[in-house]
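Residue strings, one per chain:
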Amino acid sequence: MSELLEGPLWLVGAGNMGGAMLRGWLAAGVDPRQVIVIDPAAKDLPEGVIALPAPPPDGAAPAVLVLAVKPQLLDVVAPGIAPALERETLLVSILAGVEVASLRQRFPHPAGVVRVMPNTPVAIGKGVMALHGSGLSADAAALAERLTRPLGLVEWIEREDQFDAVTALSGCGPAFLFRFIDAMADAGAALGLPADQAARLAVATVEGAALLAARSDESPAILADRVASPGGSTREGMNVLDKDGAIRDLLARTLAASARRNAEMAAAARGE
Ligand SMILES: NC(=O)C1=CN([C@@H]2O[C@H](COP(=O)(O)OP(=O)(O)OC[C@H]3O[C@@H](n4cnc5c(N)ncnc54)[C@H](OP(=O)(O)O)[C@@H]3O)[C@@H](O)[C@H]2O)C=CC1
Ligand SMILES: O=C(O)[C@@H]1CCC=N1
């Protein structure tokens with residue numbers, strides 16, 4: 001048994017996000033034999049992980065159940081899984097939009113329910129894990145923290161009504177940054193750089209800037225000012241980003257669109 005986990009973990013759905021968390025946990029020392037993936041078509045699973053199409057027939061309940069299917073499949077998987085859980089099982093859901101009350105309706109046995117909003121950089125231990133719990137004992141909260149800490153930054157979200165916002169910001173955020181990297185590379189290529197070189201420069205620039213922002217005591221605004229020499233070229237570029245609040249407005253609309261969709265998925269899970 002690993003220190004992270006004292007009993008079996010069932011992972012329901014091992015796709016892009018569930019699979020990334022699984023790789024993160026194994027890298028952090030979880031014993032693959034402690035994990036059962038329940039996913040009818042699971043492929044490319046790490047060695048040693050057991051994959052089953054349904055809960056194991058021996059009747060034993062998991063210590064942790066991680067729900068990682070698409071929100072639209074909640075009602076497909078819940079009837080087969082819910083009876084196999086017990087009061088002590090920690091239910092962890094990464095489903096965007098689906099609220100604790102909707103989970104409790106489908107999974108009545110577990111006392112502790114944690115919504116977790118991860119992002120794909122968990123696969124390299126650099127993710128963001130936003131947590132919101134309900135009915136958690138101190139032991140269950142500690143277990144949720146133990147499981148998520150090796151995957152990246154852990155932030156508890158006090159109010160569940162903030163979860164759509166956190167999903168838009170850090171859950172969806174990597175996709176927005178990947179778009180930004182592509183756009184930066186394309187813009188560099190349009191100015192005459194070879195496309196592959198522009199792509200390398202864009203990724204390394206974003207990586208370096210993000211690390212510097214993470215390690216610095218200064219705000220991103222101050223760090224930007226340090227790049228912009230008075231009368232120089234950065235200021236000219238930033239004037240384009242800042243004109244009439246262009247970049248702030250673009251990101252406000254981007255996150256608002258994602259948050260709206262999360263709210264729609266929550267409503268669907270409530271049966272509305
Ligand atoms: N992708 C991301 O960055 C993030 C995703 N999430 C959340 O994670 C969840 C999964 O998203 P994502 O990983 O992107 O989606 P994927 O489609 O990549 O993963 C879902 C997995 O569930 C499998 N599956 C389908 N039907 C069943 C079933 N009946 N029982 C068990 N497993 C099944 C799918 O198999 P098959 O492919 O064969 O259908 C697939 O492997 C969503 O709820 C999403 O909101 C949260 C944060 C970030
Ligand atoms: O696109 C989605 O719905 C999920 C939620 C956060 C990231 N991916």
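Residues numbered from 1 in each chain as written. Chains lettered and ligands numbered in written order. Predicted model: local features only at pLDDT ≥ 70, side-chain atom pairs only at ≥ 80, totals over all residues. Heavy atoms only, no water.

Student: Describe the site of ligand 1, listing the residues and the values that go with them.
Tutor: Around ligand 1, 22 residues are found, and the nearest of them are Asn16, Met17, Asp39, Val69 and Lys70. Here asparagine 16 contributes a backbone N or O atom positioned 2.9 Å from an oxygen atom of ligand 1. At a separation of 2.6 Å, an oxygen atom of ligand 1 approaches a polar backbone atom of valine 69. Alone, ligand 1 offers 880 Å² of accessible surface; in the complex the protein occludes 74% of this. A per-class count over the shell around ligand 1 returns 16 nonpolar, four polar and two charged. (Near = heavy atom within 4 Å. Polar contact = N/O pair within 3.5 Å; in protein donor to acceptor, adjacent residues only side chain to side chain. Areas by Shrake-Rupley, 256 points an atom, 1.4 Å probe, with all protein chains shown as cover. Nonpolar A, V, L, I, M, F, W, Y, C, P; charged D, E, K, R; others polar.)

Student: Break down the domain arrangement of the chain for me, with residues and values.
Tutor: By the assigned domains, the chain splits into domain 1 (9–160) and domain 2 (173–265). Computed over C-alpha atoms only, the centres of domain 1 and domain 2 are separated by 33 Å. Between domain 1 and domain 2, roughly 410 Å² of surface is buried when both sides are summed, and carbon and sulfur atoms account for 65% of that area. Of all residues in domain 1, Gln72, Ala96 and Gly97 give up the largest surface area on contact with domain 2, accounting jointly for 53% of the area buried on that side. At the junction of domain 1 and domain 2, the tally comes to zero salt bridges. In this structure, the connection of domain 1 to domain 2 is made through zero residue pairs in polar contact (both at pLDDT 80 or more). Grouping the constituent residues of the side of domain 1 that touches domain 2 by class yields three nonpolar, four polar and no charged. (Domains from an automatic or database assignment. Buried area = accessible area lost by both parts, 1.4 Å probe. Salt bridge = Lys/Arg side-chain N within 4 Å of Asp/Glu carboxyl O.)

Student: So what's going on with the UniProt feature "domain: Pyrroline-5-carboxylate reductase dimerisation" (unreviewed entry) in the chain? Which residues, and what values?
Tutor: Sequence positions flagged by UniProt for "domain: Pyrroline-5-carboxylate reductase dimerisation" (unreviewed entry) are, in local numbering, residues 160–265. Along residues 160–265 the backbone is 81% helical and 0% strand, and the end-to-end C-alpha distance reaches 14 Å. (UniProt positions renumbered as here; feature names shortened; annotations may be inferred. Helix = DSSP H or I, 4+ residues; strand = E, 2+ residues; numbered from the N terminus.)

Student: Can you break down the site of ligand 2 residue by residue, with the values?
Tutor: As a matter of local geometry, ligand 2 sits amid Ala96, Thr167, Gly171 and Cys172. Within the complex, 50% of the 240 Å² of free accessible area of ligand 2 lies under protein. When its residues are assigned to classes, the shell around ligand 2 shows two nonpolar, two polar and no charged.

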